[in-house]
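Working through the structure, step by step
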Amino acid sequence: MKKHPYKYFVSLALCLLVFATSCNKDFDKVIPESPENNGNVIYKAPKVLYLIVDGARGASVRDAGTTTLRGLIDSAVYTWTGLSDNTNYTDATNWSDMLTGVKKEKHNVLTENFAGNNLASYPVIFERIKSLRPNMRIASFASSDLFKSKLTGGADVTESFAGNDEALTSRLVDFVKSDTASLILGQFGGVEAAGKASGFDNKFAPYKTAINKFDSQVGEIFAAIKSRANYKNENWLIIVTSNKGGQYTLPVSEDDKTIFSNTNVNTFTIIYNNKYNPTFIPRPFLGNPISGNAVRFRGNPEKTVAKLGAGISNEFNFGASDFSVSVKVKKGKTKNTSRGDYYYQWPSILGKRDRAGWGGDNAPGNPGWDICLFQNGWRFFAAGGQDFVNGIEVGGLDFSGDIWHDLTFVIERKADGKRYLRMYTDGVKGVTNDPGDVGQYDGPKGKKDAPVSVDVKLRGEPNFDNNAPLRLGWADGEMDGDFGIINLNMAEFKIWKVALPENVVKQFACDATMEESHPNFNELAGYWPLNEGSGDKFEDKGPFAAPFTINGTYTWETFSDLICTPNNTNLGVLVPKNSDVPTQILSWFNIPRQETWGLDGRVWISN
């Protein structure tokens, strides 16, 4: 997006300074306005008003009939679908994101009492500013006494009001009329208090009333700013945002199972300047529609499993040839949710082996392959063959639960004579572990928080052939107690007798069906849509017409969902999040963020 068409005689000097000092190249600056050069240059002084309202769901604020906030968006970058921390709903965690510019993994504020925090290493924005501009005047006014005591270091003025938003508003109005502070913060708690007492939705009158009351308080403060004697010589950035939403059960028709249907993390953000063009940041594209019928596969005791007959299963031994496997998966919650709702430890969901898990130290080592759930992601597992007796596991990317995702792996022999593995999650290639631990892998090592996009070179000569039936669902073998009990749907299971090219995987991974227009349609070895809706068979549309027979306890379920919804980390960069605000403020004051600060935020600029 373009910056405002302001003319600055300092622009060249700033660019040279950025180049010379190697400042962060991703740090887009928003330079305060200056008037035309008529010989008597007077630059408008940059000012920031930063208002935080606790517990205000973005959707509720959007629909509450506010007047002040609606008026601000005519000259603002704004969204009703911002995101707070998606796993921690405490005020303290989200306040800390909003004041430090880093996420909880760095500031370590995980509880309301701030126990074990790392704010010494990641202090609030006030202290960052003071380290570079010690004479800048900063003021903070908080409804919460805890906010004042923990998150206002470096402010010249810091006051709190024991939960009294009316007193807070009155003080802010008086203060902004004449004080010289460049950065003024206000934190409000009334909306969250109303939500806790009644419910976090406009259908609860106290909650809607509290939102509109806050709106009128913003109006009073804004009017006080415009009444300032020197207002015409000042350039105000006004940021109004919520720290988080609140718990509310959405109607089924509004719940798409993505993070944007989590009412606890739904925030709004308005970044206003009277020279801004209105710039709406919408809810991002969340995936393609997929609908149909699917079996619910469960682990012990239901032991839902579908198998091919032993004879026909051998048609899916590919010897030394290339092959590719793809399946659509929708994880349900694991039986033990203490590590997260969708955290699984090792269970196989499909494969061609007699037993899941490590093969054992003696040949033939339970040869074959599996796709397993692996923490919040998945893994490819293989055993048997030269250097592969015990096995190898390669971790794929994480993917969210209760949303459909595509998992694909490709085995390919290259010109060097070696076999390679490629793993794709929703068409994105990535490895998240270090298979070198078992001596079976050459190449870069991936981590959960730092995946690598590589072809995994497999040492030796793995053996993927066996007499085991091709299987979907439950398998005996390695699993970690209740973390290993599967609960999922599967659809669109495909096996090709070729190594799919990377561009083909990326292009077709998120398609909900398989069409004859697919460039490798004629190389299909098996294609099971898995969508019959009744009965005990999965029919094969491939050349062998080999049906799976379903056993164990199972149910057919009808679904209408999305597929390939981006993960929460990726979505977090598409809409404003709490940790963006400090970076936005630094940008407004033309303060270059230091690499050592480790800020996680980005700058949002008007079109």
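A short tour of the structure in this document, coming up.

How each quantity is defined
- Residues numbered from 1 in each chain as written.
- Predicted model: local features only at pLDDT ≥ 70, side-chain atom pairs only at ≥ 80, totals over all residues.
- Heavy atoms only, no water.
- Helix = DSSP H or I, 4+ residues; strand = E, 2+ residues; numbered from the N terminus.
- Buried < 20%, exposed > 50% of the residue type's maximum accessible area, 1.4 Å probe, protein only.
- Contact = heavy atoms within 4.5 Å.
- Areas by Shrake-Rupley, 256 points an atom, 1.4 Å probe, with all protein chains shown as cover.
- Pairing = 2+ DSSP bridges.
- Right-handed = clockwise from strand over helix to strand, strands pointing away.
- Expected span 1.5 Å × (residues − 1).
- Polar contact = N/O pair within 3.5 Å; in protein donor to acceptor, adjacent residues only side chain to side chain.
- Axes fitted to C-alpha atoms, helices over the stretch in contact; angles between N-to-C directions.
- Salt bridge = Lys/Arg side-chain N within 4 Å of Asp/Glu carboxyl O.
- Core = buried A, V, L, I, M, F, W, Y, C linked by side-chain atoms within 4.5 Å.
- Parallel < 35°, antiparallel > 145°, perpendicular 65-115°, else oblique.

Looking only at helices and strands, the protein features 14 helices and 28 strands. When each of the 607 residues of the protein is scored for burial, the buried share is 56%. Of the contacts formed within the protein by residues at least 6 apart in sequence, a portion of 71% connects residues at least 24 apart. Accessible area of the protein: about 24,300 Å², with a carbon and sulfur share of 50%.

Below, the discussion takes up the sheet that holds strand β23 (residues 471–473). Strand order in the open sheet formed by 8 strands is β16-β14-β13-β12-β23-β10-β27-β26, with antiparallel pairing between adjacent strands. Here the strands that pair on one side only, and so sit at the sheet edges, are β16 (392–395) and β26 (537–538). Judged from the 2 bridges that link them, β26 and strand β27 (residues 548–551) form a sheet pairing that is antiparallel. Within β27, the position partnered with Phe538 by the bridge is Phe548.

Turning to the pairing of strand β4 (residues 157–160), a few remarks are in order. In this sheet, β4 lies alongside strand β3 (residues 138–142) in parallel orientation, the contact comprising 4 bridges. If you follow Ala139 over to β4, its bridge partner there is Val157. Considered for its hand, the β-α-β crossover made up of β3, helix α7 (residues 145–151) and β4 is right-handed.

This next bit is on the pairing of strand β2 (residues 76–83). With 8 of its 8 residues buried, β2 lies for the most part within the structure. Looking at chain direction, β2 and strand β7 (residues 266–272) are connected through 6 bridges and run antiparallel. Paired with Thr79 across the two strands is Thr269, which belongs to β7. Pairing analysis gives 2 bridges linking β2 to strand β8 (residues 279–280), with the strands arranged parallel.

The next point concerns helix α8 (residues 165–178). An ideal rise of 1.5 Å per residue puts 20 Å on 14 residues; α8 measures up with 21 Å between its terminal C-alpha atoms. Among all positions in α8, only Asp165, Leu168, Thr169, Leu172, Val173, Phe175 and Val176 are buried. Those residues of α8 hidden inside the fold are in contact with β1 (45–53), β3, β4, β5 (183–188), α9 (190–197) and α10 (205–226). For α8, the N-terminal capping position is held by Asn164, with its side-chain oxygen 3.1 Å away from the main-chain nitrogen of Glu166.

Considering the arrangement of structural elements, one finds Leu83 in strand β2. Between the C-alpha atom of Leu83 and that of Asn264, which follows or precedes it by 181 residues, the distance is 9.1 Å.

The sheet built from 8 strands is open, its strands ordered β4-β3-β5-β1-β6-β7-β2-β8 with mixed pairing. At either end of the open sheet lies a strand with only one pairing partner, and these are β4 and β8. One ladder, built from 4 bridges, connects strand β6 (residues 234–242) with β7; its direction is antiparallel. The residue of β7 that forms the bridge with Val240 is Ile270. Most of the contacts of α8 go to β5, to which it runs at about 165°, and overall it touches β1, β3, β4 and β5.

When charged atoms on two side chains of opposite charge get close, those side chains can pair. Within this structure, the stated rule accounts for 34 salt bridges. The network of salt bridges with common partners includes Glu412, Lys414, Arg422, Lys429, Asp455, Glu502 and Lys506.

Okay, the nonpolar core next. One finds Leu350, Phe409, Leu472, Met490, Phe493 and Phe538 to be the most contacted residues of the largest nonpolar core, which totals 49 residues. Excluding residues that lie within four positions of it along the chain, Met490 makes contacts with Ala294, Val295, Phe297, Val327, Lys328, Val329, Ile349, Leu350, Trp404, Leu472, Gly473 and Leu530.

At a minimum axis separation of 8 Å, α9 and α10 run at an interaxial angle of 175°. With respect to each other, α9 and α10 are oriented roughly antiparallel. Residues Gly190, Val191, Ala194 and Gly195 of α9 lie in contact with α10, whose contacting residues are Pro206, Tyr207, Ala210, Ile211 and Phe214.

Another point: unusual backbone geometry. What you tend to see is this: most non-glycine residues have negative phi, and most peptide bonds are trans. Of note, the bond from Asn300 into Pro301 is cis; its omega dihedral lies within 30 degrees of zero at 15°. By secondary structure assignment, the location of Pro301 is in the loop between β9 (288–298) and β10 (305–307). Backbone geometry at Asp402 places phi at a positive 60°, although glycine is not the residue there. Judged by its relative accessible area of 22%, Asp402 is partly exposed. Notably, Cys564 is not glycine yet its phi reads approximately 70°, a positive angle. Turning to its location among the elements, Cys564 is positioned in the loop between β28 (556–563) and α13 (568–571).

This next bit is on α10. When the terminal C-alpha atoms of α10 are compared, their 32 Å separation across 22 residues agrees well with the 32 Å that a helix rising 1.5 Å per residue should span. Restricting attention to buried positions, one finds in α10 the residues Tyr207, Ala210, Ile211, Phe214, Asp215, Gln217, Val218, Gly219, Ile221, Phe222, Ala224 and Ile225.

Relative to the elements of secondary structure, Asp85 occurs in the loop between β2 and α4 (91–100). For Asp85, a relative accessible area of 8% gives the class buried. Of the polar contacts made by the side chain of Asp85, one reaches the backbone nitrogen of Asn88; its length is 2.7 Å. The contacts of Asp85, once residues within four sequence positions are left out, are Thr93, Asn94, Asp97, Lys104, Val265 and Asn578.

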